[in-house]
Amino acid sequence: MEYLIRFSQSHETFRLAEIQALAIVEGIDLEVISYSEETPFCIVRLPSEDAAKALLRRSVLAQTIHEHWGTAETYEELHAIVKRDTAHLWSQYRDVSFKINIDAYQGSRSEKRKLDLINSFAYLGFEGLILLKNPDQKFTIFEQWEFDAVPRNLPSPLKVHFGRLVGHSVRELIKTYDLKKRGYISTTSMDSELALVTANIALAAPGKVFYDPFVGTGSFPIACAHFGALGLGSDIDGRSVRGEGGKRSLKGNFEQYGLKNLLGDVFVSDLTNTPVRKARILDGIVCDPPYGVREGLKVLGCRDPEQKDAWLVEKGKQNYRNPSFVPPKKPYSFTAMLDDILSFASDTLVDNGRLSFWMPTANDEEQEIPVPTHPCLSVVAVCTQPFYKWSRRLITYRRLPDSEVDMSALAERKREEQTKGHTADDLNSFRRAYFKGFKPEKTSTDAASG
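Thresholds, definitions, all that
- Residues numbered from 1 in each chain as written.
- Predicted model: local features only at pLDDT ≥ 70, side-chain atom pairs only at ≥ 80, totals over all residues.
- Heavy atoms only, no water.
- Helix = DSSP H or I, 4+ residues; strand = E, 2+ residues; numbered from the N terminus.
- Buried < 20%, exposed > 50% of the residue type's maximum accessible area, 1.4 Å probe, protein only.
- Contact = heavy atoms within 4.5 Å.
- Areas by Shrake-Rupley, 256 points an atom, 1.4 Å probe, with all protein chains shown as cover.
- 1 Å grid on protein atoms, 1.4 Å probe; cavity = no way out; pocket = protein on both sides within 12 Å on 5 of 7 lines; lining within 4 Å.
- Points joined across faces, edges and corners; volume = space filled by probe spheres on them.
- Nonpolar A, V, L, I, M, F, W, Y, C, P; charged D, E, K, R; others polar.
- Pairing = 2+ DSSP bridges.
- Axes fitted to C-alpha atoms, helices over the stretch in contact; angles between N-to-C directions.
- Phe/Tyr/Trp six-rings, centres within 6.5 Å; stacked < 30°, edge-to-face > 60°.
- Lys NZ or Arg CZ within 6 Å of the ring centre and 35° of its normal.
- pLDDT = per-residue confidence, 0-100.
- Salt bridge = Lys/Arg side-chain N within 4 Å of Asp/Glu carboxyl O.

Participant: Lay out the overall build of the chain in plain terms, naming residues and giving numbers.
Facilitator: When helices and strands are counted, the chain shows 14 helices and 16 strands. Here the chain holds 450 residues, and the buried ones make up 49% of them. The long-range share in the chain, meaning contacts at least 24 apart out of those at least 6 apart in sequence, stands at 73%. Surface summary for the chain: the accessible area is close to 23,000 Å², and the carbon and sulfur share equals 50%.

Structure representation (structure tokens):
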């Protein structure tokens, strides 16, 4: 049976990735028949109405799903299709209460015209009560108009759809987990909508273990925990994890949402010095790594252990046991960080486990940061959130079973050396471009000719 999904017209590149991931979580055979990022309507084929309800019951970017009765370019064509393909269904709804709505995307109709369009479906023969509130069945006429159709006074829509409401999404969760209502946040806390979408795309579900190596105030583990996964996290900055204690802490956030039993643990660590053992035990890794814009990226260690920083780790003294001890840090390559994330995922994810992480890129194709790759990981989806001169992408990978890994490519990767540098800008091309307004960098040849 065909169904029509009515999406929210936001985060367009994320919508299909979320629905496809939810089909995997629910074990549903999904076939996408028609979809465009330019409209909020998507037509899919599903095995049953129960499958349609299950597909949307944890979706954040969809709004509703409808049994698809027809799509056409004109109302005359739509009526002909509905009469031809759905006449055998009408008797099921003849005596129940109902109502018919009109959803005019990018368009508008007068109340009189709406009534005329609704009455044009009188041939359905429904004899039950018409209830505007809580009817037994809801039918919707969807109109897809051209952009700026209202000011241009266009006479008719591009397409019209008709369907019966089957199920709703959980889009209201965006308000439930709104950062404005959360007890403890920071300037880098991921907003609730994108955190929940990330958890969905990463296949968070009951019985799974998810880990965020840049946990901060816990936005991603909270989202994963809402969908039933056990959340773990770590951060190089213990202050962000501890907060002020009580309600104003990461653990306080879990308690606020009644998710304390799904918080595994959080600890202070960076990705290059992690205590997590190299074992294939994680079902998912979700994170928003630091971009190193406001301050250069850092990892634990001495910039120059032979000279000025050596006193911090003086031999024989266990300075780390001192309550006032601050571990030394050294600059870290942005590209090396991306590679380290992928290597960590390849070492710790179970077969078909997912890594979903955010990374920035310039909108200029010449300065765009390529999607990093790893022989053990297959790219599942690349979703983009655009800003002015730059964007950030949610990149999702699937851990390949060892039988599918190109072992020669894996051996070559292990022989490659990490990128090296000295200053924050040397090590972070995105940071360098950000502060130069994403203007093309001059080469030595350009400088000489100038």
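Participant: Tell me about empty space enclosed by the protein, and name the residues and values.
Facilitator: Applying the stated criterion to the full structure yields one cavity of 30 Å³ or more. Looking at the largest cavity, the residues that line it are Tyr 177, Arg 182, Ser 192, Ala 195, Leu 196, Ser 219, Ile 222, Ala 223 and His 226. For the lining of the largest cavity, the elements supplying multiple residues, two or more each, are helix H6 (192-201) and helix H7 (219-226). Among the residues forming the lining of the largest cavity, the class breakdown is five nonpolar, three polar and one charged.

Participant: Go over the sheet that holds strand E14 (residues 349-362), please, and point to the residues and values.
Facilitator: Paired through their backbone hydrogen bonds, the strands of a sheet run either parallel or antiparallel. With mixed pairing, seven strands are arranged side by side in an open sheet as E10-E9-E8-E11-E14-E16-E15. Where the open sheet ends on each side, the last strands, each with one partner, are strand E10 (263-268) and strand E15 (377-386). Taken pair by pair, the neighbouring strands of this sheet meet at an average axis angle of 15°, ignoring direction. Across the sheet, helix H10 (residues 334-348) is in contact with strand E8 (209-212), strand E11 (282-287), E14, E15 and strand E16 (390-399); its angle to E14 comes to roughly 165°.

Participant: Let's hear about the pairing of strand E2 (residues 31-35): which residues, and what values?
Facilitator: Where E2 meets strand E3 (residues 41-45), four bridges bridge the pair, whose relative direction is antiparallel. If you follow Glu 31 over to E3, its bridge partner there is Arg 45.

Participant: Explain the environment of Thr 274 residue by residue, including any values.
Facilitator: Within the secondary structure layout, Thr 274 lies in the loop between E10 and E11. Taking the C-alpha atoms as reference, Thr 274 lies 9.8 Å from Ile 236; in sequence the two are 38 residues apart. Here Thr 274 is in contact with Tyr 211, Ser 269 and Phe 344, once residues within four sequence places are set aside.

Participant: Can you explain the packing of aromatic side chains? Please cite residues and give values.
Facilitator: On inspection of all chains with the given rule, the structure shows 19 aromatic pairs. Ring geometry for Phe 41 against Tyr 105: centres 6.3 Å apart, planes inclined by 85°, an arrangement best described as edge-to-face. Note that Phe 41 is positioned in strand E3 and Tyr 105 in strand E5 (residues 98-105), a separation of 64 residues in sequence. Comparing Phe 41 with Tyr 105 shows no difference in burial state: the two are buried. Aromatic pair Phe 387 and Trp 390: ring centres 4.8 Å apart, planes at 35°, arrangement tilted. Assessed through its relative accessible area of 38%, Phe 387 is described here as partly exposed. Residue classification places Trp 390 among the buried positions, given a relative accessible area of 19%. By the ring-pair criterion, three or more aromatic residues cluster together here, those being Trp 69, Trp 90, Tyr 93, Phe 98, Phe 121, Tyr 123, Phe 126, Phe 139 and Phe 162. Above the face of the Phe 227 ring, Arg 58 is positioned so that its terminal group lies 4.2 Å from the ring centre. Cation over ring: Lys 83 sits above Tyr 123, and NZ or CZ is 4.6 Å from the ring centre.

Participant: Describe the sheet that holds strand E4 (residues 62-72), with residues and values.
Facilitator: Read from one edge to the other, the open sheet built from seven strands follows the order E2-E3-E1-E4-E7-E6-E5, with strand pairing classed as mixed. Taken across any chain shown, the strands that pair with only one partner, and hence form the sheet edges, are E2 and E5. The mean inter-strand angle of the sheet, taken between neighbouring strand axes irrespective of direction, is 35°. Two elements, strand E1 (residues 2-7) and E3, share five bridges in a ladder whose sense is antiparallel. Bridged to Arg 6 within E3 is Phe 41. Contacts from helix H1 (residues 12-26) reach E1, E2 and E4, with the element oriented near 160° to E2. Along the sheet, helix H3 (residues 75-86) contacts E4, strand E6 (137-144) and strand E7 (159-168); its crossing angle with E4, the most-contacted strand, is approximately 90°.

Participant: I'd love a proper account of the confidence of the model for the chain, names of residues and values included.
Facilitator: Residue-level pLDDT values for the chain average 87, and 82% of them are 70 or greater. Per-residue pLDDT stays below 50 along residues 417-428; that stretch engages in 23 contacts with residues further than four places along the chain or on separate chains.

Participant: Describe the pattern of salt bridges, naming the residues involved and giving the relevant values.
Facilitator: The final tally for this structure, using the stated rule, is 22 salt bridges. One salt bridge connects Glu 26 with Arg 57, and the closest N-O pair in it is separated by 2.7 Å. Taken as a pair, Glu 26 in helix H1 and Arg 57 in the loop between helix H2 (49-56) and E4 lie far apart in primary sequence, 31 residues in all. Judged by relative accessible area, Glu 26 falls into the partly exposed class, the value being 24%. In this structure, Asp 402 engages Arg 399 in a salt bridge whose closest nitrogen and oxygen atoms are separated by 3.3 Å.

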